[in-house]
Amino acid sequence: MGKTYERIDGRLRTFIEEQPLFFTGTAPLSGDGTVNLSPKGLKGSFAVLDELTVAYLDFAGSNAETIAHLRENGRITLMWCAFQGPPNIVRVHGRGEPVFRDDPRFKELLTHFPDIDPTPHGLRAVIVVHAELVRDTCGYAVPRMAYEEDRDLHARRFAREDDASLSEYFQRKEHVATSLDGLPGLPLPLPPSSV
């Protein structure tokens with residue numbers, strides 16, 4: 001039923017690029033730390049950079065658990081489910097890193113996301129993931145659901161912010177600069193955006 005792939009290409013690449021939703025899973029090294037699972041959406045915010053590297057845009061939110069875990073240990077799993085069409089689940093297990101707005105690589109990485117304007121979403125970082133294990137499984141128990149459209153709430157909420165007010169917003173949130181388990185999260189104050 002399951003198959004391991006050496007690279008992200010062909011049918012596998014097409015499948016993950018077509019999904020409107022994926023999930024990220026991370027955890028701290030501490031055995032009693034908080035495991036984090038996050039849904040990710042917004043069309044155009046995910047990209048395959050090469051056969052073993054993917055990336056997604058990390059937007060403003062009320063915490064930064066994924067960033068904190070990646071800064072501590074780099075472990076991450078991404079998962080896509082087929083909610084329409086033939087059943088399928090794809091997981092990319094690997095090592096990730098947050099590339100922040102003041103990193104020299106940041107501007108070039110943004111060129112991989114031509115179909116989304118990150119400005120109204122309070123872009124914090126680009127998460128780059130280097131695949132170590134790529135597998136699919138059947139997905140027979142995943143329900144069929146119809147995708148209607150992306151919600152516009154996130155853009156409407158964060159379009160009101162400039163760099164200074166966005167940085168203030170993050171500083172007010174309890175689990176952005178520091179994770180639930182006390183790990184370093186998003187570096188603050190937020191560097192100015194170069195986009």
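- Looking at an unreviewed UniProt entry, one finds the protein named Pyridoxamine 5'-phosphate oxidase and attributed to Streptomyces brasiliensis.

1. Comments concerning helix H5 (residues 163-172)
Then, number 1: Listed as buried for H5 are Leu166, Ser167, Tyr169 and Phe170. End-on, the buried residues of H5 take up no more than an arc of 155°, which puts them together on one face.
Then, number 2: Buried residues along H5 sit in contact with helix H4 (153-158).
Then, number 3: Residue aspartate 162 occupies the N-cap position of H5, its side-chain oxygen lying 3.2 Å from the main-chain nitrogen of alanine 164.

2. Details of the packing of aromatic side chains
Then, number 1: Going through the model one piece at a time under the given rule, you end up with six aromatic pairs.
Then, number 2: Considering the side-chain rings of phenylalanine 46 and tryptophan 80, the 5.3 Å spacing of their centres and the 70° angle between planes classify their relative orientation as edge-to-face. Residue phenylalanine 46 is found in strand S4 (residues 46-50), and its partner tryptophan 80 is found in strand S6 (residues 75-81); the two are separated by 34 residues along the sequence. Tryptophan 80 matches phenylalanine 46 in its accessibility class, with the two residues each being buried.
Then, number 3: These aromatic residues form a ring-pair network of at least three members: Phe22, Phe46, Tyr56 and Trp80.
Then, number 4: For the cation-ring pair, arginine 157 lies above tyrosine 169, with the distance from its terminal atom to the ring centre recorded as 4.9 Å.

3. A short note on the pattern of salt bridges
Then, number 1: Using the criterion set out here, one finds eleven salt bridges in the structure.
Then, number 2: The closest approach of N and O atoms between glutamate 17 and arginine 13, which form a salt bridge, is 3.0 Å. Pair noted here: glutamate 17 and arginine 13 are both in helix H1 (residues 10-18), with a separation of four residues, about one helical turn.
Then, number 3: A residue is classified by how much of its surface remains accessible, and arginine 13, at 30% relative accessible area, is partly exposed.
Then, number 4: The partner of arginine 101 in a salt bridge is aspartate 163, with the nearest N and O atoms 2.7 Å apart. Placement of the pair is arginine 101 in the loop between strand S7 (89-100) and helix H3 (106-110) and aspartate 163 in helix H5, with a sequence separation of 62 residues.

4. Describing the UniProt feature "domain: Pyridoxamine 5'-phosphate oxidase N-terminal" (unreviewed entry) in the protein
Then, number 1: Within the UniProt annotation, "domain: Pyridoxamine 5'-phosphate oxidase N-terminal" (unreviewed entry) is assigned to residues 10-138.
Then, number 2: Along residues 10-138 the backbone is 17% helical and 41% strand, and the end-to-end C-alpha distance reaches 18 Å.

5. A word on the environment of arginine 151
Then, number 1: Along the polypeptide, arginine 151 turns up in the loop between strand S8 (125-137) and H4.
Then, number 2: Sequence separation between arginine 151 and histidine 121 is 30 residues; the distance between their C-alpha atoms is 12 Å.

6. As for the state of the cysteines
Then, number 1: In this structure the tally under the stated criterion is zero disulfides.
Then, number 2: No disulfide involves cysteine 81; its sulfur sits 11 Å from the nearest other cysteine sulfur, which is in cysteine 138.

Rules behind the numbers
- Residues numbered from 1 in each chain as written.
- Predicted model: local features only at pLDDT ≥ 70, side-chain atom pairs only at ≥ 80, totals over all residues.
- Heavy atoms only, no water.
- Buried < 20%, exposed > 50% of the residue type's maximum accessible area, 1.4 Å probe, protein only.
- Helix = DSSP H or I, 4+ residues; strand = E, 2+ residues; numbered from the N terminus.
- Arc of directions from axis to C-beta.
- Contact = heavy atoms within 4.5 Å.
- Polar contact = N/O pair within 3.5 Å; in protein donor to acceptor, adjacent residues only side chain to side chain.
- Phe/Tyr/Trp six-rings, centres within 6.5 Å; stacked < 30°, edge-to-face > 60°.
- Lys NZ or Arg CZ within 6 Å of the ring centre and 35° of its normal.
- Salt bridge = Lys/Arg side-chain N within 4 Å of Asp/Glu carboxyl O.
- UniProt positions renumbered as here; feature names shortened; annotations may be inferred.
- Disulfide = S-S within 2.5 Å.

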